Each structure stands twice: as structure tokens, then as C-alpha cells.
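Summary of the model geometry
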Amino acid sequence: MSEATRPKRKKESRHPGACRPRRLTGTADPTGDRIMLPVLARSAGTTTIRLHDVEIQAGLRGDKCEIRRPLRLLQDVGEIEGLRDVDGDGQLWQFQRQFSTDRTDYRLSREALLSRCPYGVPGGRITVSEAWCWDEETHAVMYRADNLTTTQRADLHRRGVTWKTNTPPPGPIRLVYEIVDCWIDHLQPMSQLQLRNEGWLDSRVKNPKPAEVMRVRLAFANHWDRSTPQDDAHWANNPLIWVLSVRKVTA
């Protein structure tokens, strides 16, 4: 059969989002049937995040000292599933890779897991991105977080203010944190102290009533679900999360 008459082999098509899972490398644990991933050597860099306006106000007062974020993507690991604390003391973790044909059980020490936190490592910095606009009346930058009352918001709506969120305002960044520590915990329950550390419960109120604590916890849960598109990371599922202990620093 000549080349001209030979039927051409149909080229296999692949979904544009499909990719071949990359094999993770590491050393076998003492049992020999699991892979221990190494600790990543990472320098302390800078990450930018967004916070709720209430959290920004607490941060400007110096009251916010914790940041919680969903645990979804681990650098150099990819989507994870079934992450669990092997011994219950947070020192050894086990998981499998989601959306992968590789069903190997991987293990991580506490240090190896925390070295993969996408928000940074202790010593790194976090800058907070804010919603802002140019105030034509005062000819100065105006921040949405500085206008939290119902009267202020109604006045801004009447004036047709449009907030910018994708570009930084002119001048120095108002809120910069240094990461002091990092750990993994479940989202629930948010205690009164944790709500204070997150900036949702006003620290100027020394003895809040139980009904107020419950209201604030519900507000935090609603905001968490609105800002977290993954259903398995919603409040009701009590997911594992990153908890960053931070301190405010000058930009």
C-alpha cells in the first residue's frame, strides 16, 4: 500500500484542561508502602490577600492577629483529598492526590506540610488589598473599610461611588502583616477568643453577651461561605484550614 492510499491514523483528542499527573518524589517511610514528602526550602516572601472590611478596621486598630484560609492547594502537591492527622497530634499527616490516577498514600511531617502553605512561611509578609476610590469632595483617597455604618454606606450609594479592587491605591499600603506562626486546624468551632483574634468580635467590648458572640460567629460563617466557592470547604463541613498567626508591621 502506497503512502498516498494508506489511511491516516486519527489523532487522539484530549480535553484542554487534561494533564498527566506528575509523580511526586520523596523517600519511603519505615513501612515502605508510603512516600514521605520532604520539607521545602522556601524564603520568606510577600503575599497579597483581601480581607473583609471589618477585619481591616480591626487590623488598623492592631486587634487582628490571626488569618484563616481554606486548605485547598499545596504548592508542588496539587489538589489533595483525605488529608488526616495520622496520630492525632498534628505531627504526621497523610493524604492522596485528588483528580489523579495515582492512589499512593503520601505522608507529610508537620514541618513538610507547613512548608507548603501558599500564604507564606514564618518571617514572610502579607499585604492587604483594600477597596478604594478617589473622593471628589475631599480630593483624597477614600477606603471602603473606613465607611462601615449604615448612614455612611447609604451616602456613598447615593453619590454613586464605585470602588476599585483590582488596582492598589496611590501611596503606601495601610496594612502589612508579618507571619509569626502557621498551623492547621478545623474551622469550627470559632470560640470567642478566635473571633477576637480574627477581628470580627470587637476587642473594645470586654464582656460581650452570648447572643452577640453567636451573631458575630454567624456573620463570620456567612462571609466564609461567600468567599469560598468550594462546597467541601464551607462552614457546615468543618474543613481543615490554614491558620496564620500574624503581627502588624509598617509597610
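Thresholds, definitions, all that
Residues numbered from 1 in each chain as written. Predicted model: local features only at pLDDT ≥ 70, side-chain atom pairs only at ≥ 80, totals over all residues. Heavy atoms only, no water. Helix = DSSP H or I, 4+ residues; strand = E, 2+ residues; numbered from the N terminus. Polar contact = N/O pair within 3.5 Å; in protein donor to acceptor, adjacent residues only side chain to side chain. Contact = heavy atoms within 4.5 Å. Buried < 20%, exposed > 50% of the residue type's maximum accessible area, 1.4 Å probe, protein only. Core = buried A, V, L, I, M, F, W, Y, C linked by side-chain atoms within 4.5 Å.

Note on placement: S115 falls in the loop between α2 (110-114) and β9 (125-129). From its side chain, S115 meets the backbone nitrogen of L40 in a polar contact 3.0 Å long. With residues up to four places along the chain from it excluded, the contact list for S115 reads V39, L40, R42 and V121.

With that out of the way, let us pick up the side chain of E66. Note that E66 resides in strand β4 (residues 66-70). On the basis of relative accessibility, which here comes to 9%, the residue E66 falls in the buried class. A distance of 2.7 Å separates polar atoms of two side chains, one belonging to E66 and the other to R68. Discounting chain neighbours no more than four positions away, the residues touching E66 are W183, N197, E198, V243, L244 and V246.

Moving on, we get to the nonpolar core. F95, Y177, I184, W242 and L244 are the most contacted members of the largest nonpolar core, which has 32 residues in total. Secondary structure elements with two or more residues in this core: β6 (78-85), β7 (92-97), β8 (106-109), α2, β9, β12 (176-186) and β13 (240-249). Sequence-distant contacts of I184, defined by excluding residues within four places in its chain, comprise L71, W93, L113, L114, L240, I241 and W242. One finds W200, A221, W224 and W235 within the second-largest nonpolar core, a separate group that totals 13 residues.

In short, geometric facts, not functional conclusions.
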